[in-house]
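# An overview of the molecular structure
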Amino acid sequence: MPGEHWLANRRGSLEVSRHDLKSPEFVSAYEKALFDKLPDVAARHFTVVRTARTDIAIIERDGNLHAVLAPDRKLVLWTDAGPWTVTTIDTSADLAIDPAVMRRLGQARKAELMSVHPVVDGQAGLLFVDGVLVRTLAAGVHGFWNVGRMVQVKVVDLKRQSLDVAGQEVLTKDRVTIRVNIAAEYRVVDPVKAVSTVKDFSEALYRALQYAFRKTLGALTLDQILEKKVTVDEEAAAKVRADMAGIGVEVSDIALKDVILPGEMREILNQVVSAEKQAEANVIRRREETNATRSLLNTARVMAENPVMLRLKELEALETIAGKVERLTVHNGTGGLLNDLVKLRDND
């Protein structure tokens, strides 16, 4: 112990090993001999911490976290460097770390034996130990002892998401190759099924949408596709939803967003549309000409049956002409213009 000691040194064989208690761990080549030959002395001066194959030991000195001892380890501490408190945790039943302990380990920078996995709101965490699904984790920060076994947490998003299938090539019924963009809305309702049934549930949905639209659009001609808002038929949509429900995914909206034609097909289609519009314009023009002719014919019939109406039309024409010229010369007088009107009035 501290102090001044007088010891015999026969033939210079005395050897003294000094240990600074600022380093509380006892490490010496004489450890085994000391515990074998002087067990009472060793018991008085040393605190020995041992862990079994599945144990973790949390060692505190005077209330402060000092060390975390892994399984199958031994640590010899100077008792006088304490006081020491040792908490042993059996990890064979559960690898989860108490949140308060996890925070203490993080603050003391003693986190080398644990793994931390955050799960935010709207997500679910699936805990796998040695490749086996153990349980589902709710939102929060989860810590696990990373000793002896492999710990994995797969985070699954439970919020509604959209999936786009862009540039999908489809051969129509009349053998025209088009490219389409497809969109679907989905959400994971059973994360365990979604992860354990298929390798990648979003990839499974992608493939299902491809098949459904190939089946739907492949049974239609290009004109049918362009004439109306085409969506996946009910039978194909029901199959997509049923297949996805079997792996824990709920599919809501399924829609065809865009139809993209090859360059030469666009030119042909533009020509067809232009010709159709021209034909429609010709029909409208002929209809208007016919209506105008019919109106003129009706006017002529009325004037033929009513001389006064005819004379009034003549005077209106004369008034229109006179308003557009500075000087008007009438040959043979105005008798030809007015006599008939005067005569008609005399007859009245």
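All chains use their own residue numbering, which begins from 1 and follows the written sequence. Residue-level local features of this predicted model are given only where pLDDT is at least 70; pairs of side-chain atoms are given and counted only at 80 or more, and the full residue set underlies all totals for whole chains, interfaces and linings. To obtain the side-chain values, all non-hydrogen atoms of the structure were included, while hydrogens and water were left out.

## What about the confidence of the model for the protein chain?
The pLDDT score gives, residue by residue, the confidence of the prediction method on a 0 to 100 scale. Overall, the predicted model of the protein chain reaches an average pLDDT of 83, with 83% of residues at or above 70. In what follows, residue pairs with any heavy atoms lying within 4.5 Å of each other are defined as contacts. Considering only residues more than four positions removed or in separate chains, one finds that residues 341-348, a stretch of pLDDT under 50, has two contacts.

## Thoughts on the environment of Arg160
Looking at the secondary structure, you find Arg160 in the loop between β10 (151-157) and β11 (161-171). Relative accessibility under 20% of the residue-type maximum defines a buried residue, over 50% an exposed one, and the middle range a partly exposed one, all with a 1.4 Å probe and only protein chains included. For Arg160, a relative accessible area of 46% puts it in the partly exposed group. Along the primary structure Arg160 and Val251 are separated by 91 residues, whereas in three dimensions their C-alpha atoms are 9.5 Å apart. Beyond its immediate stretch of four places on either side in the chain, Arg160 contacts Glu185, Tyr186, Arg187, Glu250 and Ser252. Within polar-contact distance, the side chain of Arg160 engages the side chain of Ser252 at 3.0 Å. The numbering of helices and of strands both runs from the N terminus, where a helix is a DSSP run of H or I of at least 4 residues and a strand a run of E of at least 2. Polar contact is defined as a pair of N or O atoms within 3.5 Å, subject to the rule that within protein one atom must be able to donate a hydrogen and the other to accept it, and that residues adjacent in sequence are counted only when both atoms are side-chain atoms.

## Quick word on the sheet that holds β11
When DSSP finds two or more bridges between a pair of strands, those strands are recorded as paired. Strand order in this open sheet of three strands is β11-β12-β13, and the pairing throughout is antiparallel. One side of each edge strand has no neighbouring strand; the edge strands of this open sheet are β11 and β13 (249-260). Each strand axis lies, on average, 20° off the axis of its neighbour in the sheet, ignoring direction. The pairing of β11 with strand β12 (residues 177-188) spans nine bridges and is antiparallel. Residue pairing across strands places Gln161 opposite Tyr186, the latter belonging to β12. Fitted lines through C-alpha atoms give the axes, limited to the stretch in contact for helices. The angle between two N-to-C directions lies from 0 to 180 degrees. In the packing of helix α5 (residues 201-217) onto the sheet, contacts are made with β11, β12 and β13, and the angle to β11 comes to roughly 40°.

## Details of α5
A helix is expected to reach a length of 1.5 Å times the quantity of its residues less one. Given a rise of 1.5 Å per residue, 17 residues ought to cover 24 Å, and the 24 Å separating the end C-alpha atoms of α5 matches this to within 8%. Buried within α5 we find Phe201, Leu205, Ala208, Leu209, Gln210, Ala212, Phe213, Thr216 and Leu217.

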